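# Descriptive structure summary
Residues per chain, in single letters:
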Amino acid sequence: MADTNDNDSGSTDDLLGGLDIESTADIQVPEDLIDQVIGQEHAVEVVKKAATQRRHVMMLGTPGTGKSMLAKAMADLLPKEELQDVLVYNNPEDNNTPKIRVVPAGKGKEIVDAHKLEARKRMQARNMFIMIFVFGIIIYSLYTGTLIWGIIAAVLIFMVMRQFMPKEEAYIPKLLVSNAGKEKAAYVDATGAHAGSLLGDVRHDPFQSGGLETPAHDRVEGGAIHKAHKGVLFIDEINTLGLESQQNLLTALQEKEFSITGQSERSSGAMVKTEPVPCDFTMVTAGNLDALRGMHPALRSRIKGYGYEVYMSDTIPDNVDNRQKLVRFVAQEVIRDGKIPHFDSSATKEIILEARRRAGRKGHLTLKLRDLGGLVRVAGDIAHSENADMTLAEHVLKAKSIARSVEQQLADQYLERRKDYKMFEQEGSQVGRVNGLAVMGSDSGIMLPIMAEVTPAQSSSEGRIIATGMLKKIAREAVDNVSALIKKVSGKETRSMDVHIQFIGTYEGVEGDSASISIATAVLSAFENIPVDQSVAMTGSLSVRGDVLPVGGVTYKIEAAAQAGIKTVIIPRSNMGDVMIEDEYKDKIEIVPVSNITEVLDKSLIGPEKKKLIKTIKKSYAFPKLNLGLTDNIPVSSVPAPQ
């Protein structure tokens, strides 16, 4: 099948966006990190504004689209303010309330060094005094003839004086936050930090008495919020923080200072609480959309009211400008890695073709650049292992087969196992059995056999549709929608019948509605006793009026069908522009686009009876063109382990 994308430049000859280069070594990479961000123009504009005004930012979207990169860039963009060091001192009036002092950056180390020097002098003077006193006692006892008693007295006095004389270390302040030698604001990644690491902590002291205890101020440890003072605090997946930690984080945002105390209630550190420690940071949070559900409402309100919320794009239009940006992305990844050779023009074209393919949307390029960068590095590693001067297209093609995701590897094993146990058919015909298709993870297609059977109703009042396979919410709603079509067009009394629908091999469930046309075909086949061609597989969502709606992952589903030996695959007509299958599959499978259920049945059912059924459906419905749909997904955990 030919490339179905119809872009502004049109052909694969212009994949580099008009750039005339021999390799990515000819591409100039921007020095500023913010200018290296690809395809997120809106987010870049927001971050620049937020940095200028020191506003907080929350970025939501698909992993790998540049959220952490933007957060790092924001630290470079913050206004140049005078950085500060934070010192914690012993409080002679209350040992459990250490004092806090803020000084200009670099001064903290000077103060600590000065205190250490002074303490060293005091300790030397004290030790000298003790030694002179002890030797004096020994010499006196020698002259009086009581040497043994003199030695015993000297040892006891030495121990007592060492124990009860003040320790000079207790007066040395601790450098809690140091910005010595730094010229730009700090960037602190607190993703996954526990409460003590985020908010600061006080270490437990096992020696709490007898003069052996560690001074309270020396046990104080600064948290990420304090280390990010005057800089950027980045927290990814913020909803994974406990609500108590989020509440404390909100307090720190509001007050711009936060006292440090022991986070463990059973620790001696819980008795210690410092004076407020400055933490005037700019917070950047990130996560998926589900992050909003686990986020403290007041914390989100604070960010929203005093900052910006940004949704990250996961695709960009496939045009000349954006192709040039992806060429620059390849150059950036090569330079950032530092261990792989540059990509020649053919290898770069293969990367852009893969960006099209992974977008899963016609006329677009993917912005999941972390995953795409992984392909760049694997291809570069292959070229490096072959001592090649440049990374070539053949290296990228090898990398695509090597650098498969776990989901892709599992899908291959899953397919082989289903072949061995003949869990799906590739030829012949059967009543009530359809080869459906699904997506596992985000980039792996699998076969999804579906069976239907009609039996006498168990209830005397009304028949039921019973679906098994641990269907989740959207999938179960899709079955309900299909039942509306079946009831209207079957032409039989459905109240006296139960319809059983089985999703084979979905051990931990299936989600999404892209099996809708498969369900409808299987059930209508069972109702009318019309065989289904087993060399056909299908995917598509179905409206209650019989329209076939677009779904996600069609490329991966088609490839899975071809790999399984299926000859024909039915997909929604509106998904045709999304098809970007590999060359090896193009001659193995026929792709049939459809717009409504009658076209599905015409291509999948066998025998003269199908014409009567199709005629009945056409009389029941007109088929308006719609453009709606949802994707399906089988979780990775639903794949059985190989036996």
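So, here's what we can say about the structure. The shown structure was predicted, so the numbers you read here are calculated from the model rather than taken from an experiment.

### Brief notes about the overall build of the chain
Along its length, the chain carries 19 helices and 25 strands. Here the chain, with 643 residues, has 48% of them falling under the buried criterion. Look at the contacts in the chain between residues 6 or more apart in sequence, and 76% of them connect residues 24 or more apart. Summed over all atoms, the accessible surface of the chain reaches about 30,700 Å², with 51% contributed by carbon and sulfur.

### Quick word on the sheet that holds strand 3 (residues 99-104)
With antiparallel pairing, 3 strands are arranged side by side in an open sheet as 3-2-4. Each edge of the sheet is formed by a strand with only one pairing partner; in this case those strands are strand 3 and strand 4 (174-177). Strand-to-strand twist of the sheet, defined as the mean angle between neighbouring strand axes without regard to direction, takes the value 35°. Bridging between strand 2 (residues 84-89) and strand 4 involves 3 bridges; their strand directions are antiparallel. Paired with Val86 across the strands is Val177, a residue of strand 4.

### So, the nonpolar core
Ile450, Ile501, Ile570, Val600 and Leu601 are the most contacted members of the largest nonpolar core, which totals 36 residues. Only strand 16 (433-440), strand 17 (444-456), strand 19 (497-503), helix 15 (516-528), strand 21 (536-538), strand 25 (590-594), helix 18 (597-604) and helix 19 (609-620) provide two or more residues apiece to this core. In terms of residues, this core owes the most to one element, helix 15, which gives 8 residues. Setting aside chain neighbours within four positions, we find Leu601 in contact with Thr521, Leu524, Lys610, Leu613, Ile614 and Ile617. Counting residues in each nonpolar core, the second largest holds 28 residues, with Val327, Leu365, Val376 and Val396 among its members.

### Quick look at unusual backbone geometry
The residue Arg54 is not glycine, and still its phi comes out positive at about 55°. Note on placement: Arg54 falls in the loop between helix 1 (41-53) and strand 1 (56-60). Its identity as a non-glycine residue notwithstanding, Asn387 has a phi of 55°, on the positive side. Topologically, Asn387 is positioned in the loop between helix 11 (369-385) and helix 12 (393-402). With a relative accessible area of 68%, Asn387 lands in the exposed category.

### A look at the packing of helix 10 (residues 345-359) against helix 11
Across the interface, helix 10 lies against helix 11 with an axial gap of 11 Å and an inter-helix angle of 145°. The element helix 10 and its partner helix 11 pack so that their crossing is right-handed. In this structure, helix 10 uses Ile351, Glu354, Ala355 and Arg358 to contact helix 11, whose residues at the interface are Asp371, Leu372, Leu375 and Val376.

### Here we look at the sheet that holds strand 5 (residues 187-189)
Strand order in the open sheet made by the 5 strands is 5-8-11-1-12, with parallel pairing throughout. Either end of the sheet is taken by a strand with one partner, and the two such strands are strand 5 and strand 12 (307-311). Averaged over all neighbouring strand pairs, the angle between strand axes comes to 15°, with direction disregarded. The pairing of strand 5 with strand 8 (residues 232-236) spans 3 bridges and is classified as parallel. Counterpart to Tyr187 in the pairing with strand 8 is Val232.

### Observations concerning helix 2 (residues 67-77)
Of the positions making up helix 2, those classed as buried are Lys67, Met69, Leu70, Ala71, Ala73, Met74 and Ala75. Summarising the contacts, the buried residues of helix 2 are in contact with helix 1, strand 1, strand 5, strand 8, strand 11 (282-287) and helix 9 (320-337).

### Regarding the environment of His296
Positionally, His296 belongs in the loop between strand 11 and helix 8 (297-305). A sequence separation of 54 residues divides His296 from Gly242, and the C-alpha atoms of the two residues are 9.1 Å apart. Sequence-distant contacts of His296, that is, excluding residues within four places in its chain, are made with Leu243, Gln246 and Gln247. A polar contact is formed between the side chain of His296 and the backbone nitrogen of Ala298, at a distance of 3.1 Å.

### Observations regarding the environment of Leu250
Its location among the elements puts Leu250 in helix 7 (residues 243-255). Leu250 gets classed as buried once you look at its relative accessible area, which sits at 4%. Put simply, Leu250 and Ser301 are 51 residues apart on the chain and 9.9 Å apart in space, counted from C-alpha to C-alpha.

### Observations regarding the pattern of salt bridges
In this structure the tally under the stated criterion is 26 salt bridges. Lys49 is the salt-bridge partner of Glu45, the closest N and O atoms lying 3.2 Å from each other. You can see Glu45 and its partner Lys49 sitting in helix 1, 4 residues apart, about one turn around the helix. Classification of Glu45 by relative accessible area gives partly exposed; the value is 43%. Owing to a relative accessible area of 43%, Lys49 belongs among the partly exposed residues under this scheme. Ionic pairing is found between Asp280 and Lys256, a salt bridge with its closest N-O pair at 4.0 Å. Of this pair, Asp280 sits in the loop between strand 10 (277-278) and strand 11 while Lys256 is found in the loop between helix 7 and strand 9 (257-258), placing the two residues 24 residues apart along the sequence. Classification of Asp280 by relative accessible area gives buried; the value is 17%. Taking the relative accessible area as the measure of exposure, Lys256 reaches 45% and is therefore partly exposed. One continuous salt-bridge network, built from bridges that share partners, spans Glu354, Arg357, Arg358, Lys400, Glu559 and Glu582.

### Details of the packing of aromatic side chains
Summed over all chains, the structure comprises 1 aromatic pair. Each ring, one from Tyr187 and one from Phe234, has its centre 6.3 Å from the other, and the planes form 25°; the classification is stacked. On the criterion of sequence distance, the pair formed by Tyr187 in strand 5 and Phe234 in strand 8 is long-range, its members being 47 residues apart. Classification of Tyr187 as partly exposed rests on a relative accessible area of 25%. Sitting over the face of the ring of Tyr306, Arg302 holds its NZ or CZ atom 4.1 Å from the ring centroid.

Scoring rules and cut-offs
- Residues numbered from 1 in each chain as written.
- Predicted model: local features only at pLDDT ≥ 70, side-chain atom pairs only at ≥ 80, totals over all residues.
- Heavy atoms only, no water.
- Helix = DSSP H or I, 4+ residues; strand = E, 2+ residues; numbered from the N terminus.
- Buried < 20%, exposed > 50% of the residue type's maximum accessible area, 1.4 Å probe, protein only.
- Contact = heavy atoms within 4.5 Å.
- Areas by Shrake-Rupley, 256 points an atom, 1.4 Å probe, with all protein chains shown as cover.
- Pairing = 2+ DSSP bridges.
- Axes fitted to C-alpha atoms, helices over the stretch in contact; angles between N-to-C directions.
- Core = buried A, V, L, I, M, F, W, Y, C linked by side-chain atoms within 4.5 Å.
- Left-handed = near helix turned anticlockwise from the far one by under 90°.
- Polar contact = N/O pair within 3.5 Å; in protein donor to acceptor, adjacent residues only side chain to side chain.
- Salt bridge = Lys/Arg side-chain N within 4 Å of Asp/Glu carboxyl O.
- Phe/Tyr/Trp six-rings, centres within 6.5 Å; stacked < 30°, edge-to-face > 60°.
- Lys NZ or Arg CZ within 6 Å of the ring centre and 35° of its normal.

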